[in-house]
Every structure is written in C-alpha cells, then in structure tokens.
Amino acid sequence: MSTYISSVLQKLVYERANRCCEYCFFPEAATLASHEVDHIIAQKHSGLTKADNLALSCVLCNKHKGSDLASLDPETKKLTPLYHPRQDCWSEHFQLNGAEFIPLTPIGRVTLRLLQLNRSDRIKERKLLLEAEMFNVPS
Ligand SMILES: [Zn+2]
C-alpha cells in the first residue's frame, strides 16, 4: 500500500537514519534501488503516518518485512515482536561479529530470520561495505 508522506516527513526520516536502512544499516549511497519509508506498524494494523512510526528501509528489508509485526521465535516457539527501530535499542538485540549479525534476544532472532539479514549474499555485501568503511551499526 502506498501512502502520501509529506516531503518534510520524508526528509526527517532520511536524515534521522543518516540515509541508511534502519534494519540492516545498508547505506542508500551503495545501492541502485532507493531506500523506502517503512511504516513500522503497518497501516493495515492501524499504524499512523507519523515520525515515530516510520523508519528508513532498504528495498530488501522492506520486502521481507512487509506488513508483519511479529514472528514465531524458533527457540521459544512464542509469538515475538520484530525489532522496532524507534523503540528498541539495536545493541540490546544484536551484535556485529565480522560481517554477521548475531541475535542476543528473541526479538533479535525473529528479526534476523524474517528479514533474512544473514543470508550469504547480504553478509557478502556487508563485508565489502566494511572493507570500504561504509558500514556502521548503532553503538
Ligand atoms: Zn535493509
């Protein structure tokens, strides 16, 4: 579903995210496809088009996330919310080990799996970005 998002709000989202995907931290400058403004809580779940419900997302993360809010944790088998870039602290849920994301919590596990953040091609491109000093995760 595409929604009108004012240019002021789009600018805020892009600048707040430093033009990097807020799920995988891929910089827009390193992709051919423009990043997208994602509704963290999708509109079909009554999520609003407001700054605190928007995140910058690369095309891949946005495609895998879709309108999902949660997934089943493979370890606990419990329904677990996805990482919320506005409310959750990245380093509490994930760690960077080389070019790989390591989940630290159930939220980390379901998000890594659903968004396929450790797929081999994604790790390969992250490695290249690290070597080019174009990749950072929040501390
Ligand atoms: Zn991404």
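Residues numbered from 1 in each chain as written. Predicted model: local features only at pLDDT ≥ 70, side-chain atom pairs only at ≥ 80, totals over all residues. Heavy atoms only, no water.

**Q** Where do I start with the pattern of salt bridges in this structure?
**A** For side chains bearing opposite charge, pairing can occur when the charged atoms are close. All told, the structure shown has eight salt bridges when counted by the stated rule. We note a salt bridge from K11 to E15, for which the minimum N-O separation is 3.4 Å. Linking K11 with E15, this pair stays in helix α1 (residues 7-16), spanning four residues, or about one helical turn. Of the residues examined, K11 reaches a relative accessible area of 51% and is grouped as exposed. In this structure, R122 and E125 form a salt bridge, with 3.5 Å as the shortest nitrogen-oxygen distance. Taken together, the residues span about one helical turn, with R122 and E125 both in helix α5 (residues 120-131) at a distance of three residues. (Salt bridge = Lys/Arg side-chain N within 4 Å of Asp/Glu carboxyl O. Helix = DSSP H or I, 4+ residues; strand = E, 2+ residues; numbered from the N terminus. Buried < 20%, exposed > 50% of the residue type's maximum accessible area, 1.4 Å probe, protein only.)

**Q** When you look at the coordination of the zinc ion in this model, what are you seeing that I'm missing?
**A** Six octahedral donors around a metal ideally sit at 90 or 180 degrees from one another, while four tetrahedral donors ideally sit at 109.5 degrees. Distances from the zinc ion to its protein donors, C21 (SG), C24 (SG), C58 (SG) and C61 (SG), fall at 2.3 Å. One can describe the donor arrangement at the zinc ion as tetrahedral, given that its four donor atoms subtend angles of 102 to 118 degrees at the metal. (Donors = N, O, S within 2.8 Å, 3.2 Å for Na, K, Ca; no water. Tetrahedral: all angles 85-135°; square planar, octahedral: opposite > 155°, others 65-115°.)

**Q** Please clarify how helix α4 (residues 106-114) should be interpreted in this entry.
**A** Residues three or four positions apart in an α-helix share a direction because the helix packs 3.6 residues into each turn. Across the nine residues of α4, seven count as buried, placing the element largely inside the fold. For α4, the full list of buried residues reads I107, G108, R109, V110, T111, L112 and L114. Those residues of α4 that are buried are in contact with α2 (59-65), β3 (70-72), β4 (79-81), α3 (90-93), β5 (94-97) and β6 (100-103). Immediately beyond the C-terminal end of α4, within one or two residues, lies Q116, with a positive phi of roughly 50 degrees. (Contact = heavy atoms within 4.5 Å.)

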